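# Architecture and fold: a report
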Amino acid sequence: MIELTQIVKRYQQHEVLRGVSLSVADGEVCVLLGPSGGGKSTLLRTINGLETFDSGSIRVSDVVLNAAVGPERDEALLQIRKRVGMVFQQFNLFPHRTVLENVTEAPIHVLKQTRDAAVRNARSILARVGMADKEDARPGSLSGGQQQRVAIARTLAMNPEAILFDEPTSALDPRTTAEVISVMTDLAASGQRMIVVTHAMSFARTVAHRVHILHAGRIAESGPPEQIFEDTKEAITREFLSEAGK
Ligand code: ADP
Ligand code: MG
């Protein structure tokens, strides 16, 4: 279980998250939608400990992260980063390492796997995302969609309890977007828990278990996709969907 309770985050005077609570059950795919500037990236970065927050708490299984900075928070952060992976719009692969090295780096250095075990596991994951034949390539020689599939493989190699995706296909053309969405759909079907920020509405409609609309730092509406798309309750949701052309 991932549980966010009343997360508040400020940048100077600006309250970017204004008391966000949500939970993601095991095996659940949750999609976050909402207008630009609403706080989606900040929320994901907060869950993964890339940003501090001002009040509230985050629980990932038995690890609790509170707002107070200190040694307790540092230890909780270490645990959460091992358990929660993140996939970014811009892939963030190591440019000078091969595909295989990108995928084995953290398992060897963070999880202390032997090189042999890490390589074996990486190869099976690369096969799963359709990148087995590219293990010796450098990221720069791959298409954006291929790089994103390697980034997903790198995250999977940590055997995460949940994966956070921040607009994973926004930098991609339609064809490579489809490749990445297909990998994400397979992951969802395998029971991988994920929180996805995306403009890919068909993914939200067909793969998500729950959709949350984040607007101006608050959850405006939450529900199964049928409710959000077909039986919209809130004016904010209606406005967002109409602007998104849905
Ligand atoms: P979204 O991902 O939904 O587009 P963001 O989380 O990126 O929204 O941004 C939410 C708000 O926080 C925006 O008003 C943005 O300008 C502000 N913001 C984001 N990052 C920072 C930062 N590092 N410093 C100050 N303000 C920021
Ligand atoms: Mg964003």
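All of the points below concern the structure found in this document.

Thresholds applied
Residues numbered from 1 in each chain as written. Chains lettered and ligands numbered in written order. Predicted model: local features only at pLDDT ≥ 70, side-chain atom pairs only at ≥ 80, totals over all residues. Heavy atoms only, no water. Salt bridge = Lys/Arg side-chain N within 4 Å of Asp/Glu carboxyl O. Helix = DSSP H or I, 4+ residues; strand = E, 2+ residues; numbered from the N terminus. Buried < 20%, exposed > 50% of the residue type's maximum accessible area, 1.4 Å probe, protein only. Core = buried A, V, L, I, M, F, W, Y, C linked by side-chain atoms within 4.5 Å. Contact = heavy atoms within 4.5 Å. Pairing = 2+ DSSP bridges. Axes fitted to C-alpha atoms, helices over the stretch in contact; angles between N-to-C directions. Near = heavy atom within 4 Å. Polar contact = N/O pair within 3.5 Å; in protein donor to acceptor, adjacent residues only side chain to side chain. Nonpolar A, V, L, I, M, F, W, Y, C, P; charged D, E, K, R; others polar. Expected span 1.5 Å × (residues − 1).

### Quick look at the pattern of salt bridges
Tallied over the full model, the rule gives 13 salt bridges. Note that Lys9 is salt-bridged to Glu51, the shortest N-O span being 3.7 Å. Taken together, the positions of Lys9 in strand β1 (residues 2-11) and Glu51 in the loop between α1 (40-47) and β4 (55-60) put the pair 42 residues apart, joining distant regions of the chain. This pair shows no difference in class: Lys9 is buried, exactly as Glu51 is. Among the ionic pairs, Glu135 bridges to Arg123, the shortest N-O distance being 2.8 Å.

### Here we look at the nonpolar core
Ranked by size, the top nonpolar core spans 46 residues in total, and within it Ile152, Phe165, Met194 and Phe203 carry the most contacts. Tallying contributions element by element places helix α6 (residues 174-189) first for this core, with six residues. When sequence neighbours within four positions are dropped, the list of residues in contact with Phe165 reads Leu44, Val87, Ile152, Met184, Leu187, Met194, Ile195, Val196 and Val197. Counting residues in each nonpolar core, the second largest holds 28 residues, with Ile7, Leu32, Leu43 and Leu77 among its members.

### A short note on the sheet that holds strand β10 (residues 218-223)
With mixed pairing, the six strands of this open sheet are ordered in space as β6-β7-β8-β3-β9-β10. Unpaired on one side and paired on the other, β6 (84-87) and β10 mark the two borders of the sheet. Strand-to-strand twist of the sheet, defined as the mean angle between neighbouring strand axes without regard to direction, takes the value 20°. Sheet analysis places strand β3 (residues 29-33) next to strand β9 (residues 210-215), joined by four bridges and oriented parallel. For Cys30, the partnering residue across the bridge sits in β9 and is Arg210. Its contacts with the sheet put helix α5 (residues 144-156) on β6 and β7 (162-166), and the angle it makes with β6 is roughly 170°.

### Brief notes about the site of ligand 1
Lining the immediate environment of ligand 1, one finds Tyr11, His14, Val16, Pro35, Ser36, Gly37, Gly38, Gly39, Lys40, Ser41 and Thr42. Separating an oxygen atom of ligand 1 from a backbone N or O atom of Gly37 is a distance of 2.7 Å. Here an oxygen atom of ligand 1 sits 3.0 Å away from a polar atom, N or O, in the main chain of Gly39. Contributions of two or more residues to the shell around ligand 1 are made by β2 (14-24) and α1. Here the shell around ligand 1 gets three residues from one element, more than from any other, and that element is α1. Split into classes, the residues belonging to the shell around ligand 1 amount to three nonpolar, seven polar and one charged.

### Some points on unusual backbone geometry
Even without being a glycine, Phe91 presents a positive backbone phi close to 65°. You will see that Asn159, though not glycine, has its phi angle at about 50°, which is positive. Along the chain, Asn159 falls in the loop between α5 and β7. Among the residues examined, Asn159 registers a relative accessible area of 66% and is labelled exposed.

### A look at α5
Across its 13 residues, α5 extends 18 Å between first and last C-alpha, which sits within 8% of the 18 Å expected from 1.5 Å per residue. Taken across its 13 residues, α5 has 12 buried, putting it largely inside the fold. Elements that come into contact with the buried residues of α5 comprise β6, α3 (99-109), α4 (115-128), β7 and α6.

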